Amino acid sequence: MADTPGSRILVTGALGQIGTELTETLRERYGADAVVASDVRDLPDHPCVVGGPYRNLSVIDADAFDRVVVEEGIGTVYHLAAILSATGEKKPELCERINVGGTVTVLEAARKHSLRVYAPSSIAVFGPDAPKHAPQECTLNPTTTYGKTKVTGERLAMNYWKQYGVDVRGIRYPGLVSYKAPAGGGTTDYAVDIFHHALETGHYDCFVRGDTRLPMMYMADAIRATIALMDAPVEAIGTARGGYNISGCSFTATELAEAVGARVSGFTCDFLPDVRQKYADSWPDSVDDEAAQADWGWVAEYDLEAMCDAMIAGLQSSSI
Ligand code: NAD
Ligand code: AKB
């Protein structure tokens, strides 16, 4: 039987690209002590470790996870621990173990302790047979191991909701662009790395072709979407609960390089595709987010130009 949930928040994978900013935002909102950051890595100087409670925790250790939930009085989990697409194709077994196994750990704890859960999905759930402007609902045939684990995650979320009433919600994030923490081994990392290289050396060797178009989003929009989804009343959440499409901006690698070049004088970019081109080619160009708009009022704020301005200002101010 489920016990009474606590009131604190646990963030898994908190030292990653999203966790770094989501933990900071949740701590600003609820107070530092109310948000327990956790990750399998130990980075003593990381802002999430310095800025509030931190637990070293692997999401595939179900007993340890359960203990932390009870000891810390957890009521909501933001489950961000995962292996992303590029690393996942190099280590498919690890990707399945962490992404699927870790999600089961979190959902089982949620069932036992009546927790609410946020568990993100990805545009990687779509395969090459999906329409290039991907609808909320279509056949999901991803070709990457990572994409397959994300489809499983969405199905697990729906099963735990239907069978046990566990309130699990997720977003199919586009490629996320941010400056506070490095991107974590994905295919869309070029859209982050290009800014660092532009400012550090004036040149970037981009690992996808210039005509590669993918759905992308600035991190501030992604964090706002995450909080809005979790704030929405349960009656508002529809059949997309395991993975809402959300649209930010969609641009080619050439358009990105040109936008960076317009801001960093003398910037040059070469396009030297590697194996990640294949993963990018299997994903849509853009997504239809009507369900997120209708169910919880999603509207993006950052287009390509606003995102580039924010990235360059953010990187310049953090290097002062
Ligand atoms: P990231 O790689 O930057 O961070 C993941 C974190 O998980 C890392 O800090 C890592 O140390 C930790 N981790 C790995 N194995 C662990 C384990 N066994 N136990 C606990 N922690 C472990 O990833 P991110 O970009 O922050 O992604 C977070 C979530 O959002 C993932 O589910 C990812 O699939 C999803 N997502 C991200 C993007 C993006 O562009 N960043 C896009 C779509 C979906
Ligand atoms: C990746 O490229 O693996 C991630 C994602 C789109 O899920 N950024």
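Details of the structure are given in the entry above.
Bear in mind the structure is a predicted one, so any value in this text is a computation, not a measurement. (Residues numbered from 1 in each chain as written. Chains lettered and ligands numbered in written order. Predicted model: local features only at pLDDT ≥ 70, side-chain atom pairs only at ≥ 80, totals over all residues. Heavy atoms only, no water.)

### Some points on the side chain of Ser286
So, point 1. If you trace the backbone, Ser286 turns up in strand S16 (residues 286-287).
So, point 2. The exposure class assigned to Ser286 is buried, which follows from its relative accessible area of 17%.
So, point 3. In this structure, Ser286 is in contact with Lys132, His133, Ala134, Pro215 and Ser250, ignoring residues within four places of it in sequence. (Helix = DSSP H or I, 4+ residues; strand = E, 2+ residues; numbered from the N terminus. Buried < 20%, exposed > 50% of the residue type's maximum accessible area, 1.4 Å probe, protein only. Contact = heavy atoms within 4.5 Å.)

### Re the sheet that holds strand S3 (residues 54-56)
So, point 1. The strand order across the open sheet built from six strands is S3-S2-S1-S4-S5-S8, with neighbouring strands paired in parallel fashion. In this open sheet, the two strands that pair with only one neighbour each are S3 and strand S8 (168-169).
So, point 2. Relative to strand S2 (residues 35-39), strand S1 (residues 8-12) runs parallel, the two being bridged by three bridges. Following the sheet pairing, Val11 is matched in S2 by Ala37.
So, point 3. The strands touched by helix H5 (residues 92-113) within the sheet are strand S4 (74-79), strand S5 (116-118) and S8, with S4 carrying the most contacts at an inclination of about 160 degrees. (Pairing = 2+ DSSP bridges. Axes fitted to C-alpha atoms, helices over the stretch in contact; angles between N-to-C directions.)

### Section: the packing of H5 against helix H6 (residues 145-164)
Describing two packed helices takes the angle between their axes plus the distance from one axis to the other.
So, point 1. At their nearest, the axes of H5 and H6 sit 10 Å apart, and the two run at 15 degrees to each other. Our classification of the angle between H5 and H6 gives roughly parallel. Here the hand of the crossing between H5 and H6 comes out right-handed. Contacts between H5 and H6 involve Pro92, Cys95, Glu96, Asn99, Val100, Thr103, Val104, Leu107, Glu108 and Arg111 on the former and, on the latter, Thr145, Tyr146, Thr149, Thr152, Leu156, Ala157, Tyr160 and Tyr164.
So, point 2. Here the residues of the contact of H5 with H6 sort into ten nonpolar, five polar and three charged. (Parallel < 35°, antiparallel > 145°, perpendicular 65-115°, else oblique. Left-handed = near helix turned anticlockwise from the far one by under 90°. Nonpolar A, V, L, I, M, F, W, Y, C, P; charged D, E, K, R; others polar.)

### Concerning the site of ligand 1
So, point 1. Close contacts around ligand 1 come from 27 residues, with Gln17, Asp39, Arg41, Tyr146 and Lys150 the closest.
So, point 2. Separating a nitrogen atom of ligand 1 from a side-chain N or O atom of Ser58 is a distance of 3.2 Å.
So, point 3. In the complex, 93% of the free accessible area of ligand 1, which totals 830 Å², lies under the protein chains.
So, point 4. Contributing elements (two or more residues each) for the shell around ligand 1: helix H1 (17-30), strand S6 (121-122), H6 and strand S10 (175-177).
So, point 5. Partitioned by chemical class, the residues of the shell around ligand 1 number 15 nonpolar, nine polar and three charged.
So, point 6. Looking at which domains feed residues into the shell around ligand 1, each of domain 1 (8-174 + 218-229 + 241-245) and domain 2 (175-217 + 247-318) gives three or more. (Near = heavy atom within 4 Å. Polar contact = N/O pair within 3.5 Å; in protein donor to acceptor, adjacent residues only side chain to side chain. Areas by Shrake-Rupley, 256 points an atom, 1.4 Å probe, with all protein chains shown as cover. Domains from an automatic or database assignment.)

### Observations concerning the nonpolar core
So, point 1. If you look at the biggest cluster of nonpolar residues, it comprises 48 residues, and the most contacted ones within it are Tyr190, Ile194, Phe195, Leu256, Phe267 and Met307.
So, point 2. Of the residues forming this core, the biggest block, seven residues, is contributed by helix H12 (residues 304-318).
So, point 3. When near neighbours in sequence (up to four residues on either side) are disregarded, Ile194 contacts Tyr204, Leu256, Ala257, Val260, Phe267 and Cys269.
So, point 4. Listed in part, the 35 residues of the second largest apolar core include Leu80, Ile223, Ile227 and Ile246. (Core = buried A, V, L, I, M, F, W, Y, C linked by side-chain atoms within 4.5 Å.)

### Considering helix H8 (residues 219-231)
So, point 1. End to end, H8 covers 18 Å across 13 residues, agreeing with the expected 18 Å (1.5 Å per residue, within 8%).
So, point 2. Taken together, the buried positions of H8 are occupied by Met219, Asp221, Ala222, Ile223, Ala225, Thr226, Ile227, Leu229 and Met230. (Expected span 1.5 Å × (residues − 1).)

### A closer look at the site of ligand 2
So, point 1. As a matter of local geometry, ligand 2 sits amid Leu84, Ser85, Ser122, Ile123, Tyr146, Gly186, Thr187, Thr188 and Trp283.
So, point 2. Between an oxygen atom of ligand 2 and a main-chain N or O atom of Thr187, the distance comes to 2.7 Å.
So, point 3. Thr188 is positioned with one of its side-chain polar atoms (N or O) 2.8 Å from a nitrogen atom of ligand 2.
So, point 4. Taken by itself ligand 2 offers 250 Å² of open surface, and the protein chains cover 93% of this.
So, point 5. Its residues assigned to classes, the shell around ligand 2 comprises four nonpolar, five polar and no charged.

### Brief notes about the packing of helix H9 (residues 253-261) against H12
So, point 1. Where H9 meets H12, the axes come as close as 10 Å, and the angle between the chain directions of the two elements is 50 degrees. As summarised for this structure, H9 and H12 are arranged oblique, according to the angle between their axes. Where H9 crosses over H12, the handedness of that crossing is right-handed. Judged by residue contacts, Glu255, Leu256 and Ala259 of H9 engage Leu304, Glu305, Met307 and Cys308 from H12.

### Some details on the packing of aromatic side chains
So, point 1. Across all of its chains, the model carries seven aromatic pairs by this definition.
So, point 2. Between Tyr78 and Tyr118, the aromatic rings sit 5.8 Å apart at their centres with planes inclined by 40 degrees, giving tilted as the arrangement. With Tyr78 in strand S4 and Tyr118 in strand S5, the pair connects residues that are 40 residues apart, well separated along the chain. Tyr118 shares its class with Tyr78; the two are buried.
So, point 3. With a centroid separation of 5.6 Å and an interplanar angle of 90 degrees, the aromatic rings of Tyr190 and Phe207 are classed as edge-to-face. Taken together, the residues span a long stretch of sequence, with Tyr190 in helix H7 (residues 190-200) and Phe207 in the loop between strand S11 (203-206) and strand S12 (213-218) at a distance of 17 residues. Each member of the pair, Tyr190 together with Phe207, is buried.
So, point 4. Taking NZ or CZ as reference, Arg111 lies 5.1 Å from the ring centre of Tyr164, over its face.
So, point 5. Seen from the ring of Phe207, Arg276 lies directly overhead, with NZ or CZ sitting 3.4 Å from the centre. (Phe/Tyr/Trp six-rings, centres within 6.5 Å; stacked < 30°, edge-to-face > 60°. Lys NZ or Arg CZ within 6 Å of the ring centre and 35° of its normal.)

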